[in-house]
Amino acid sequence: MTSRGGRQAYGALSVLAAGALVLTGCSKGGSDAGDNKKQDQQNAQRQQASIKFGDAADSTGPAAPVPGAKSGGSMEVLERDSYAHLDPAQVYVYNEMTVAQLLDRGLTGYKATSDDGKQHEVVGDLATDSGTTTDGGKTWKYTLKDGIKFADGTPITAKDVRQSVERLFAPFITTGPSYLQQWLANTSGTDYRKLLPDGPYKGKHLPDSVLSTPDDKTIVFHFKTPHPDLPYTLAMAGYSIVSAKGDTKEKYDKNPVTTGPYKIQSFKSGKSMVLVKNPDWDPKTDPIRHQYVDRFNITFNQQFEASTKALLADSGPDRTGISFSNSVDAGNLSQVLSDPKLKSRVVSGYQPYVGQMNINMSKPEMKDIRVREAIAYALPITPFIRAYGGTDAMEVAGGLIGPTVSGYDPAFDPFGKKKNPAGDPAKAHALLKAAGKLNMKLTFGYINTQEGQQYSTAMAAGLKKAGFDVQRQEIPSETFYDQVSKLNNPYDIFHTAWGADWPSASTVMPPLYDGRQIADGAANYSQINDPHVNSEIDRINTITDPVKSAAEWEKLDKYLLTKVVNEVPTAYYKATQIAGSKVGGLVYDDVIGGVDPRRLYIK
């Protein structure tokens with residue numbers, strides 16, 4: 001298993017990329033300016049590389065100063081989507097993972113080791129180092145730093161870490177990552193909940209043989225099999241530390257007790273959020289983050305076009321404006337990338353996201369593979385890419401493993417989309433006719449954004465050409481992933497994007513396609529439950545050689561798209577973002593998959 005980061009922040013694919021919600025590891029998408037394929041390839045290949053685990057010296061704060069940075073001032077943040085979740089354990093989509101960089105801390109984290117956002121190492125964040133193991137990854141020990149506190153002034157102890165881990169098993173935690181829980185329970189899918197069905201809330205706890213906290217400073221994880229990727233896993237936003245004293249269960253999702261350099265002064269869901277400095281954050285303990293800006297004023301419901309135009313105009317408060325997760329909209333993208341005067345205010349990069357049209361395998365009418373193949377061949381990809389700005393925003397996808405993940409095969413193109421992104425309605429029509437399903441109803445759930453309205457209309461037209469009766473249904477962007485991850489949702493097809501949580505397909509295939517992962521809130525959106533896929537996931541997960549495992553994951557990718565056809569890959573994402581002229585510290589961070597909010601300052 002190679003290494004890298006919770007996609008999007010290294011986090012899940014529910015996120016928002018160029019207008020598409022993307023989950024990190026998460027969900028989402030980003031790229032280098034222009035149609036520079038060589039630069040794109042270098043960008044993607046760099047992200048496939050392993051990231052080293054740092055020692056105690058690497059994990060010591062404060063973070064290296066940002067050149068030219070100064071403290072003070074308010075920054076305006078223009079965001080399309082409000083935050084559906086703020087409880088770290090529920091955070092697994094791009095926009096939430098990005099703001100979590102300012103609010104939350106975990107045992108480990110990704111430290112940028114260069115000022116361009118391209119070099120990183122995993123270091124101890126609340127812990128003194130990235131973790132120590134003496135038995136190949138079956139046992140991992142962490143020691144907490146001195147002087148770490150929650151935003152209410154309470155010291156962070158091993159008791160809080162235990163609470164943070166044990167509450168992951170509670171029934172109300174449904175949308176975050178599940179790697180750690182599965183590893184501790186030594187099981188696949190959702191069976192991990194049997195280890196501690198009510199979390200810590202009815203007085204039961206994980207035994208010391210699984211999680212031991214012998215004193216206030218020490219945490220030891222005990223796994224039955226080696227998990228050498230644990231430092232990457234614990235760096236995900238979804239495994240940030242929660243206050244045992246302040247744990248309000250479901251209510252924590254709207255009002256968490258933070259650990260990062262900022263705390264939430266106010267949050268009006270769907271409208272606004274204000275972040276202010278957390279006086280209990282000690283920079284001497286934090287090798288990753290800064291606290292230059294006094295206040296972030298976040299405004300929601302700002303579509304990509306609106307935020308881009310405001311930041312391009314660069315007047316009034318927007319001179320100190322930015323968006324953490326909005327991309328430059330399609331209509332302005334070529335201008336933004338080609339104007340030399342804007343170069344210092346624009347960042348671009350490849351994102352770890354792969355877009356995919358999910359075919360809901362739980363629907364009886366989708367049981368016939370000919371129907372699924374008809375959808376795959378008919379679906380036009382051109383409208384999707386055009387909606388986000390063309391090849392500057394993304395490239396046509398072949399398989400489910402993207403170019404930032406080891407094992408990626410650029411030649412794999414099972415439905416001919418790279419050669420013919422407009423689709424093949426004639427071939428699809430023949431398949432549908434053979435299945436006796438001409439004019440069958442197809443409910444297409446689409447994200448209610450400008451981009452989603454645009455591409456879903458054109459995609460629906462392409463499917464109609466093949467003989468489907470397509471009914472589009474809008475889904476609000478803020479709760480999009482919550483809606484499509486419901487088991488009994490009404491949609492036959494819907495689009496999501498997923499980013500590897502670190503640069504291994506072990507963070508793509510199991511969360512998305514393991515049939516034992518079918519549950520409300522889980523990322524198996526297509527609800528595929530294929531015995532061969534399940535057994536291959538178990539087999540490949542035991543391969544510790546990253547090169548061998550990458551090759552096997554790629555074979556599974558090919559099986560899924562040729563023998564099962566539960567997904568239609570659409571695009572590999574890139575992102576371009578713009579800031580006001582008074583915003584300093586602007587960098588595209590590979591691990592975050594966008595702007596790094598931890599470095600920002602006002603000039």
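Residues numbered from 1 in each chain as written. Predicted model: local features only at pLDDT ≥ 70, side-chain atom pairs only at ≥ 80, totals over all residues. Heavy atoms only, no water.

### Considerations on the overall build of the protein
Within the protein one finds 15 helices and 23 strands. For a compact globule of 603 residues, the expected C-alpha radius of gyration is about 25 Å, and the protein comes in at 22 Å, within 12% of that figure. Expressed as a percentage of the 603 residues in the protein, the buried residues total 65%. Here the analysis covers contacts within the protein between residues at least 6 apart in sequence; of these, 75% occur between residues at least 24 apart. Surface summary for the protein: the accessible area is close to 20300 Å², and the carbon and sulfur share equals 50%. (Helix = DSSP H or I, 4+ residues; strand = E, 2+ residues; numbered from the N terminus. Rg over C-alpha atoms; globule rule 2.2 N^0.38 Å. Buried < 20%, exposed > 50% of the residue type's maximum accessible area, 1.4 Å probe, protein only. Contact = heavy atoms within 4.5 Å. Areas by Shrake-Rupley, 256 points an atom, 1.4 Å probe, with all protein chains shown as cover.)

### Re helix 8 (residues 369–378)
With respect to burial, helix 8 is a largely interior element, eight of its ten residues being buried. What helix 8 keeps buried is the set Val371, Arg372, Glu373, Ala374, Ile375, Ala376, Tyr377 and Ala378. With a side-chain oxygen lying 2.8 Å from the backbone nitrogen of Arg370, the N-terminal cap of helix 8 falls on Asp368. (Polar contact = N/O pair within 3.5 Å; in protein donor to acceptor, adjacent residues only side chain to side chain.)

### Some points on the pairing of strand 7 (residues 139–143)
The side-chain alternation of strand 7 yields one buried face, formed by Trp140 and Tyr142, and one unburied face, formed by Thr139, Lys141 and Thr143. Pairing of strand 7 with strand 9 (residues 218–222) involves five bridges; the strand directions are antiparallel. Residue pairing across strands places Thr143 opposite Thr218, the latter belonging to strand 9. (Pairing = 2+ DSSP bridges.)

### A word on the pairing of strand 9
Taken across its five residues, strand 9 has four buried, putting it largely inside the fold. One ladder, built from three bridges, connects strand 8 (residues 211–215) with strand 9; its direction is antiparallel. When the sheet's bridge partners are listed, Asp215 is paired in strand 9 with Thr218. The turn linking strand 8 back onto strand 9 is made up of two residues.

### Observations concerning the sheet that holds strand 6 (residues 120–124)
Strand order in the open sheet formed by three strands is 3-6-5, with mixed pairing between adjacent strands. Whereas interior strands pair on both sides, the edge strands pair on one side only; in this sheet they are strand 3 (52–53) and strand 5 (108–112). Pairing of strand 5 with strand 6 involves five bridges; the strand directions are antiparallel. Bridge pairing links Ala112 to His120 in strand 6.

### Concerning the sheet that holds strand 12 (residues 295–299)
The five strands are arranged 10-11-12-4-13 in an open sheet whose pairing can be described as mixed. With one partner strand each, in any of the chains shown, strand 10 (262–268) and strand 13 (321–322) form the two edges of the open sheet. Pairing between strand 4 (residues 74–78) and strand 13: two bridges, direction parallel. Bridging from a neighbouring strand, Glu76 pairs with Gly321 of strand 13. In this fold helix 2 (residues 94–103) packs onto strand 10, strand 11 (272–277) and strand 12, with an angle of close to 135 degrees to the strand it touches most, strand 10. (Axes fitted to C-alpha atoms, helices over the stretch in contact; angles between N-to-C directions.)

### Some thoughts on the packing of aromatic side chains
In the structure shown here, the tally under the stated rule is 26 aromatic pairs. Relative to Tyr192, the ring of Phe169 lies with its centre 5.7 Å away and its plane at 70 degrees, an arrangement referred to as edge-to-face. Highlighted residues: Phe169 in the loop between helix 3 (158–166) and helix 4 (179–185) and Tyr192 in the loop between helix 4 and strand 8, separated in sequence by 23 residues. The pair Phe169 / Tyr192 is uniform in exposure class, with both members buried. (Phe/Tyr/Trp six-rings, centres within 6.5 Å; stacked < 30°, edge-to-face > 60°.)

Worth remembering: the numbers are spatial, not functional.
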